[in-house]
Every structure is written in C-alpha cells, then in structure tokens.
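The lines below spell out each chain.
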Amino acid sequence: MLPPPGFYFENDFYSYSGRLSAGTQTQFGGAVLANVKVEARANFMTPTWVTPFQIFGGNLAFAVSIPFGTPRISAGAVIAAPRLGRSFGLSSRDATFNLGDPIVSSFIGWHAGNFHWQVGGSLSIPAGAYQEGELSNLAFNRWIGDVFAAGTWLDPKIGLDISAAVGFEINGKNKDTDYRSGNAVHADLAITQYLSKEFSIGVIASHYQQVSGDGGGGASLGSYKGRVTAVGGSIGYNFSVAGTPVAAHLKVLREVSVENRPQGTIALISLAFPLGHVPAPAAPSPAVVKR
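A quick note: this is a predicted structure, and the numbers were derived from the prediction, not measured.

Quick look at the overall build of the chain now. Counting secondary structure elements, the chain contains zero helices and 17 strands. Within the span of the chain, comprising 291 residues, buried residues form 45% of the whole.

Right, let's get into unusual backbone geometry. Despite not being glycine, Phe56 has its phi angle at roughly 55°, a positive value. The phi torsion at Tyr224 lies on the positive side, around 45°, for a residue other than glycine. The residue Tyr224 is located in the loop between strand S14 (199-210) and strand S15 (227-241) in this model. Given the relative accessible area of 13%, Tyr224 is considered buried.

It is worth spelling out the pairing of strand S8 (residues 115-124) at this point. Here strand S7 (residues 103-112) pairs with S8 via 10 bridges, running antiparallel. When the bridges of S8 are listed, Ile103 appears paired with Ser124. Hairpin connection, S7 to S8: the antiparallel pair is bridged by two residues, and Gly113 has positive phi, about 65°. With 10 bridges joining them, S8 and strand S9 (residues 144-155) adopt antiparallel strand pairing. Residue pairing for S9: Gly121 is matched across the bridge by Val147.

This part covers the nonpolar core. Core analysis: the largest hydrophobic core is formed by 17 residues, its most contacted members being Tyr16, Leu33, Val36, Val38, Ile73 and Leu253. Within the residue set of this core, elements represented by two or more residues are strand S3 (31-55) and strand S4 (58-80). Here this core takes four residues from S3, the largest share from any one element. Counting seven residues, the second-largest nonpolar core is a separate cluster that includes Tyr8, Ala61, Ala63 and Phe148.

A few words on a nonpolar patch on the surface. Judged by side-chain polarity, Phe13, Leu195, Phe199, Ile201, Ile235, Tyr237, Leu250, Val252 and Ile269 come together as a nonpolar surface patch covering roughly 820 Å² of accessible area. Residue assignment for the nonpolar patch shows that the elements contributing at least two residues are S14, S15 and strand S16 (244-259). Topologically, Ile269 is positioned in strand S17 (residues 263-275). Ile269 sits in the partly exposed class, given a relative accessible area of 46%.

In this structure, strand S13 (residues 184-194) lies alongside S14, joined through 11 bridges in antiparallel fashion. Paired with Asp188 across the two strands is Ser206, which belongs to S14. Hairpin connection from S13 to S14: four residues lie between these consecutive antiparallel strands. Relative to S15, S14 runs antiparallel, the two being bridged by 11 bridges. What sits directly across from Ala205, in S15, is Val231.

Within the structure shown, the criterion is met by three salt bridges. Asp178 serves as the salt-bridge partner of Lys173, at 2.6 Å between the closest nitrogen and oxygen. Where Glu259 meets Arg227, a salt bridge forms, and the shortest distance between an N and an O atom there is 3.4 Å. Within this pair, whereas Glu259 is found in strand S16, its partner Arg227 is found in strand S15, the two being separated by 32 residues in sequence. Take Glu259: its relative accessible area is 39%, and that puts it in the partly exposed class.

Right, let's get into the environment of Phe273. Of note, Phe273 is situated in strand S17. Overall, Phe273 belongs to the partly exposed group, its relative accessible area being 25%. Put simply, Phe273 and Ser240 are 33 residues apart on the chain and 9.3 Å apart in space, counted from C-alpha to C-alpha.

Conventions we followed
Residues numbered from 1 in each chain as written. Predicted model: local features only at pLDDT ≥ 70, side-chain atom pairs only at ≥ 80, totals over all residues. Heavy atoms only, no water. Helix = DSSP H or I, 4+ residues; strand = E, 2+ residues; numbered from the N terminus. Buried < 20%, exposed > 50% of the residue type's maximum accessible area, 1.4 Å probe, protein only. Pairing = 2+ DSSP bridges. Core = buried A, V, L, I, M, F, W, Y, C linked by side-chain atoms within 4.5 Å. Patch = residues over 30% accessible without salt bridge, like charges linked within 9 Å, V, L, I, M, F, W, Y side chains within 5 Å. Areas by Shrake-Rupley, 256 points an atom, 1.4 Å probe, with all protein chains shown as cover. Salt bridge = Lys/Arg side-chain N within 4 Å of Asp/Glu carboxyl O.

This is the structure we're talking about:
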C-alpha cells in the first residue's frame, strides 16, 4: 500500500540459517559442494520517494536499497572447484563482510476505498563488492530484473489487512563464474489482524520457483531448478518518536518444502518511518511501504 507523497525510510535486518542434506550437492561461487550450511546476516537500507506525479491516476514512486552484511558458507566437502584452486574432498568455509548489489525500484500505486494496488519493477545492479573466488558473497555479480504486482484489501473498521504480491524474476549471467541462473516466479500472501492501532499479528506464506534452468559453462550440476515454499507469522507495533510515526515488524518464516536449495528459517526485522511531515493515512498502520 503506497503512502501519501513524501519521503520515507525503511531499514530491514535479514537473518537466515539453513542447510542442505549431506547427500545433496549444490554450487556456490563456481565450486560444487556437499553437506552445506548457509547463514546470512544482512541489512537493507531503503529510502523511498513517493512523488506527487500521477500516471493513470496512480502516484509514481522510486526507491533504492543498499544491502550490506556477512553471509557464511560452510561445506563438509568440496566436490569440484575448477575456478577456485581449492583442494578437493576437504571441508571449506567462507564468511566475508561486504557490500551487496544496489537495487533500484520504481512503482505506481492506486487507491479505491479499501482496495489498494501497485505495479512496478526492480533492478539489481552488479556494482557491489563481489569477491571472485569466494564462496561467500552478498553481491551476486549479475543483473537481476523483477517485475511485480501487489494488492491490499484493508478495512480500518475491523482492522483486517489481506495483502498479496506476485512477480517474475529475470536473471543475468555472472561472467566471473560463467554461470547463468534461471528465471523464476514468486508469490507472497499476508493476512494481518490489527488488535489495536498499535499492535497487529498475522500469518504469511511465500513461494519461489524457477521456471527455466541454470546454464552457462560454469553450471556443473545442469539446470538445477530451485523451488521453496515458506510459511510463518508476523508481529507489528506502531509507535511515535518526537511526533514521527514509526512502524516496526518482526516476520519469521520456516521453509517447509524445498528442492535444490538450502532449507532453513528466515527472520526479518523492519522499521519504517516518514522523513519530514507527511499527512497520516487512514489505514491503521502509518508510514508502511509494502512492496
């Protein structure tokens, strides 16, 4: 749901911990690995500008996300590493703090009574601190495009929010590893109940699935199509600091069905607030930018 025209800021702290079964091989940074454990702690800072300009009656908005953090990859065995010069058969571990690829987004949002919707696109630019030869990289070193549509039905009288989003991800090629990731579809659903103007609880579900296989000379495991379904819950709390409304959310999801990906748990802590004075929206949750 797009807020009124103005400037906003959102900070998202992302935590993930997962692993692949010992008998499943996967690929990171040009190396084929087995018995893999993945951990990531990353922060995303996102300023957003909702402009007063309208397109077909909807407000145009722009956002930029800057990620930084430390992904950790540990493998019980290195099966093949033609580009890394690592010893085969031995365990390996990488944990590197670096700057991820910046993500620029543009979207248009409309409102009609209790129904709010938007369409947009995002582009991940390979300009982060990618380190060739490392298993652990927050930067993907490839162009990634995403087009999406999202809608929210929110009834302020009963405090019920039903939101859904669908998107299509288009992946480019990592030239350093000669690896092209397949394209994918993704969908998200959130049902939130506001218990008061301050507190909310909800259930969330997410699905991601590749529709085309991986490719390129570095794709040692073939098409390796990935798929993952996750379910979980959320808690929200709205408060004010020096007259500025702040929305805080905690989301936790457990990956329950996985193919060719690690299986684990995701936690996301978000804080969002307007920069400067913005008229308060009619919805129970102020200054929340949902994408």
